Amino acid sequence: MADVHGVIEKLVRRPFFWLPDQPLPLVFVVERDGDAFEAARRLAAPFEDCLPHATVAAGRYGTLHDLVDALAGEQGQLGRPVGGSFLPPPRFSLVQFVLWARRQRDLPPEPDRGGPPPPRWPDPQSRGSLEEFKERLKLWRGGRHGGHQGRRTAADFFGRAATTWLPVGTLAAVLLSTRVSGDHAPWWLDSAPDLVGVLPWALGLLVFAAGTVVQGLLSVRGSFFNGWFRRQPYLTRKPYERLAQYALRVASASDEDAERLLVHAMCQDLRQAYQKWIIPWPSWGRGLYGLLVLDATLPGCANERFLRLLEETTEETGLLPPMLVLAAVPEPKAAEARAVTGGRLTELPALADAWRARVRRRVPPLRLLAATSGPAPDDDYRPRLLPSRMRALGYWCVIALLVVGPVTLAWRIYQDQKARCGGLSWAELVGDECVGVVNADGPAPDNLFGRNIGAVVKKIDDNNAAARNVGAYVNVVLFGEYSIRSPRPDGEPAEPGENAPEDDSRVAGALAELKAVEQYQSAVRNVPRLQVLIANAGVDFRQGRRAARLVSRLAAEDPHTLGVIGFPRSVRGVEEAISVLHQAKIPMLSTTATADDLGYVPDTADVAGASDTAPRRPSPYYFRMAPTNWREAELVARFVRRTLLPGKASPTAVIVQDRSPGDSYTNNLARDYKEAAGDQGIKISKRDEVYYTVDGGGIAEATSVACGRDPDVILYAGRATEFLGFVDAVEKCSDGQVKVIAGDDVIKVVTDHGKEIGDYRRVQVYYAALASRELWRDPARDHGTQPTGYIQSLFGRDSTDSEDNLILSYDAVELFYDSANRAYQGRRLPSRGDLLYRLALVSGRLARNGSSGVIDFGGREAHDPVDKTIAIMRVKAGGGVSVAVRCGRLSLRESAPPGGVCDHLADVYGEDAGSRR
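Residues numbered from 1 in each chain as written. Predicted model: local features only at pLDDT ≥ 70, side-chain atom pairs only at ≥ 80, totals over all residues. Heavy atoms only, no water.

## Quick notes on the state of the cysteines
Inspection of every chain in the model, using the stated rule, returns three disulfides. Paired by a disulfide, Cys-421 and Cys-434 hold their sulfur atoms 2.1 Å apart. Judged by the sign of its S-S torsion, about 115°, the cystine formed by Cys-421 and Cys-434 is right-handed. A residue pair is termed long-range when its members are at least 10 positions apart, and Cys-421 in the loop between helix H13 (386–419) and strand E6 (427–430) and Cys-434 in strand E7 (residues 433–437) qualify at 13 residues. (Disulfide = S-S within 2.5 Å. Helix = DSSP H or I, 4+ residues; strand = E, 2+ residues; numbered from the N terminus.)

## A closer look at a nonpolar patch on the surface
A cluster of nonpolar side chains, contributed by Phe-86, Leu-386, Met-390, Leu-393 and Trp-396, occupies part of the molecular surface with about 510 Å² of accessible area. Inspection of the secondary structure puts Trp-396 in helix H13. Using a relative accessible area of 36% as the deciding quantity, one classes Trp-396 as partly exposed. (Patch = residues over 30% accessible without salt bridge, like charges linked within 9 Å, V, L, I, M, F, W, Y side chains within 5 Å. Areas by Shrake-Rupley, 256 points an atom, 1.4 Å probe, with all protein chains shown as cover. Salt bridge = Lys/Arg side-chain N within 4 Å of Asp/Glu carboxyl O. Buried < 20%, exposed > 50% of the residue type's maximum accessible area, 1.4 Å probe, protein only.)

## Focus on the packing of aromatic side chains
Taken as a whole and assessed by the stated rule, the structure comprises 21 aromatic pairs. A ring pair is formed by Phe-623 and Phe-857, whose centres lie 5.1 Å apart and whose planes are at 65°; its orientation type is edge-to-face. Note that Phe-623 is positioned in strand E14 (residues 622–624) and Phe-857 in the loop between strand E21 (853–855) and strand E22 (870–875), a separation of 234 residues in sequence. The exposure class of Phe-623 is buried, given its relative accessible area of 0%. Judged by its relative accessible area of 1%, Phe-857 falls in the buried class. Aromatic pair Tyr-790 and Tyr-810: ring centres 3.8 Å apart, planes at 10°, arrangement stacked. Residue Tyr-790 is found in helix H23 (residues 789–795), and its partner Tyr-810 is found in helix H24 (residues 803–823); the two are separated by 20 residues along the sequence. The pair formed by Tyr-790 and Tyr-810 is uniform in burial state, with each residue classed as buried. Among the aromatic residues, ring-to-ring pairing joins Phe-97, Trp-100, Trp-140, Trp-228, Phe-229 and Tyr-246 into one connected group. Taking the ring centre of Tyr-274 as reference, the NZ or CZ of Arg-286 above it sits at 5.8 Å. Sitting above the plane of the Tyr-691 ring, Arg-659 keeps its charged end 4.0 Å from the centroid. (Phe/Tyr/Trp six-rings, centres within 6.5 Å; stacked < 30°, edge-to-face > 60°. Lys NZ or Arg CZ within 6 Å of the ring centre and 35° of its normal.)

## Remarks on the pairing of E7
Of all five residues in E7, five are buried, a share of seventy percent or more. Where E6 and E7 come together, four bridges link them in antiparallel fashion. Residue Ala-427 lies in a different strand from E7, and its bridge partner there is Gly-436. The hairpin formed by E6 and E7 contains two residues between the paired strands, and Gly-431 there has a positive phi angle of roughly 65°. Across two bridges, E7 lies against strand E9 (residues 529–536) in antiparallel orientation. Opposite Val-437, over in E9, you have Ala-535 as the bridge partner. (Pairing = 2+ DSSP bridges.)

## A short note on unusual backbone geometry
A cis amide bond links Val-527 to the next residue, Pro-528, at an omega of 10°. Mapped onto the elements, Pro-528 comes out in the loop between helix H15 (505–523) and E9. Despite not being glycine, Leu-235 shows a phi value in the positive range, around 50°. Within the element layout of this structure, Leu-235 appears in the loop between helix H7 (199–221) and helix H8 (243–252).

## Brief notes about the pattern of salt bridges
For side chains of opposite charge, pairing can occur when their charged atoms come near one another. As enumerated under the stated definition, the model contains 44 salt bridges in all. Its salt-bridge partner being Asp-255, residue Arg-102 comes within 2.7 Å of it at the nearest N-O pair. One end of the pair, Arg-102, is in helix H4 (residues 93–103); the other, Asp-255, is in helix H9 (residues 255–274), and 153 residues separate them in sequence. Overall, the relative accessible area of 46% leaves Asp-255 in the partly exposed class. The shortest N-O distance in the salt bridge between Asp-745 and Arg-719 comes to 3.1 Å. Pair noted here: Asp-745 is in the loop between strand E18 (738–742) and helix H22 (747–758) and Arg-719 is in the loop between strand E17 (713–717) and helix H21 (723–733), with a separation of 26 residues, a long-range link. Overlapping salt bridges bring together Glu-256, Glu-259, Arg-260, Arg-305, Arg-308, Glu-312 and Glu-316 as one network.

## Side note on the nonpolar core
Among the nonpolar cores identified, the biggest contains 157 residues, and Phe-479, Leu-530, Leu-589, Phe-723, Phe-726 and Tyr-767 are the most heavily contacted of them. The biggest single contributor to this core is H24, with ten residues. With near-sequence residues (within four places) excluded, Leu-589 lies in contact with Val-564, Ile-565, Gly-566, Phe-567, Phe-623, Met-625, Ala-812, Leu-815, Phe-816, Leu-839 and Phe-857. Ranked by size, the runner-up nonpolar core spans 64 residues in total, among them Leu-26, Leu-137, Ala-154 and Leu-307. (Core = buried A, V, L, I, M, F, W, Y, C linked by side-chain atoms within 4.5 Å. Contact = heavy atoms within 4.5 Å.)

## Remarks on the sheet that holds strand E10 (residues 561–566)
Ordered by their spatial adjacency, seven strands build an open sheet running E6-E7-E9-E8-E10-E11-E14, and the pairing between neighbours is mixed. Two strands close off the open sheet at either side, each with one partner strand: E6 and E14. The mean inter-strand angle of the sheet, taken between neighbouring strand axes irrespective of direction, is 25°. Bridging between E10 and strand E11 (residues 588–590) involves three bridges; their strand directions are parallel. Paired with Gly-566 across the bridge in E11 is Ser-590. Strands E6, E7, strand E8 (473–480), E9 and E10 of the sheet are contacted by helix H16 (residues 544–557), whose axis makes an angle of about 35° with E7. (Axes fitted to C-alpha atoms, helices over the stretch in contact; angles between N-to-C directions.)

## Some points on the side chain of Glu-433
Positionally, Glu-433 belongs in strand E7. Separated by 2.6 Å, the side chains of Glu-433 and Ser-483 make a polar contact. When residues no more than four places from it in sequence are discounted, the contact partners of Glu-433 are Glu-428, Ser-483, Gly-538 and Val-539. (Polar contact = N/O pair within 3.5 Å; in protein donor to acceptor, adjacent residues only side chain to side chain.)

## Re the environment of Leu-815
Its place among the elements puts Leu-815 in helix H24. Here the alpha-carbon distance between Leu-815 and Gly-850, two residues 35 residues apart in the chain, equals 8.7 Å.

Right, dumping it as structure tokens:
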């Protein structure tokens, strides 16, 4: 009989998840020579412990109400947990509601005090009966939720809701996060940028919590499914009819109507247990249908009536229950014909409509007859449960994925947003620094930089918003180091948002460049407008390569981004950034970077893999606004030989050099000092080169050694941070007056401490200036034109800004915008190639006046400026500075003086710029 059991197993096994459920027959086991019920029971016995199952003997229940209660009531057999199924049992909320309502007919309402005795049957038209039912319904619902089983049921429903709404909430948070971090953040976030990263996740959490609570409560109360009563034909719930009023009507209905509703509701509950919901539901994992064994051999019994109503309601409604029924029936009952659609000829239209409705339901013949004779089937059969259990485990895997997946996704997104400085598209968090373009998606988030830097960035962002509103705009990227913070007394770095140390020349330079660019940007009123994007390359430009890559990716996707300005210092990170931007073919304008070789890139296709010995050539995309170190060093050497020490037969000098690794500026300037001094007959021996490092200290010791050489002049090739200590050490170690000449990096120190430096008696301090308002006040030279508007604005205010950064940055952004504006043709934005072409034209007759002097790139392969203005400044007693010597024209109308210190002052190292590098 194994094949017989195999057929039953095939019938109760659900098809694959992606296939629709198939109709199940009513298997009528006919009694001839044997016990049909025993045969049916033994046929179902191997499956009793692995699926929802019930067995009902004939005559056990007197009414259909009791039978349905035993099958699907609160303690019903079909609702028992199934061991090994890994799933909760089917729940019969609809049936149990109808059963509760029918039980109320035997429980009359409480009598009013002093009133007439209440009727035994509730009166549907009585308001008192309705109020009584409302109270009873409330108590029944509360009782169902209490107790251990009720809490388990509530937890199950809330868990199902959570697996739906957790992914929905996460998706909402992701979409909102993408929305508010883009260019179109809601207006109500404009004044609260710190909420941009928090609010989407708070709203996502609110969606998750609200959805879970609402769905869970609706499921526990039954409201999630009670709408079905309005869509079924038996005792249909009326529109807008309250549930208590409907329950009162069910309680008052006839037995015939109530019994049909009970059987039909039981089929619907089973269907909900097996329906493939869109939301995660245990029905996804149910691999076996239910199994009901009935003994309907006793005429007129509840089992026989249930079987008849099950068949009739299925045919009338088309609701096929996902349950295999094995029923033992007498042979005459099995053979009786089913009713057909029929009536009088005059009723033919209605009969045709009824027939078509029946056809649309597509209910197959439900009965499957099987006669039994001889011994009952053997029940020693082992069903294959692995497929159904694997399906259940698959469902739990999906649930786990829906729970763990969104949490993991949220965590990964949080980490990604943290790594991207709160979700910025073109920035990354490296250590505690936000590296890359910080305001490409909109205003830069608060607390990225110090408050002093952040205040200027906010002004730039306000100007950017106005530029975007116009529609036609071009982007320039300002490339600098903006995350420098003051160290705390305990040595730890300051938190984001604290003020950066303005006495640090790096911070002063960054602030000056930001202010200059913002001032020019705010004055642009033409179309296209100018949008300034801030690119942070980290402290000392240590993340220059990474920041440049992010800029390159932005430029590849945004045609508005045409070029980069900045690069204020000659350090390794700037060199790496220039190489990356060169590969991306992005035009660059450097401000105060002066190292001779800056802008030269390996002559290979693969910059990243190029060796240090690979030949180098000037990048055609790199334009320098400031003079080179060689021009500065040659002017210093000439000034020493011809002005400071004109009568000295063989002057001597000592070079104090910062040999910090990666600092191209100091190493290159010291080399140029030595070469230029040798050309002018100034003696500098190997022992006259004194070294120190910023990280290693030793400036006091280096100064002592320099003083011990008793030189005529000390050439300072170091950074600004050690200059004040250096000058103080020279004052203390020298016997007579020592002349000190420093490079251009010390301008901020002189600005902040000019009086202190000027009051020294044994030290006379000079320094090279790349640009200064004082050059335009020099009475020794008539430059034939009025100062530029920007220089005049500087005359009108006291400023402690680093003026070379201020003026050269203003010239850089002005040259960038003017070139882009000239290339702009109506609605078509210029390309980076158009900008490059316009910048390369700035030479000879097309040279330009600038606030830092004449801008002329000379048409050379290396776009170094021709005859660029440079000066030696003297620190006066009591503070202030004066121009000791200036070379280069401030305006195109000015004539270069013949002879003297500036005659034929070279722009680059050697006559052939590329031959001696």
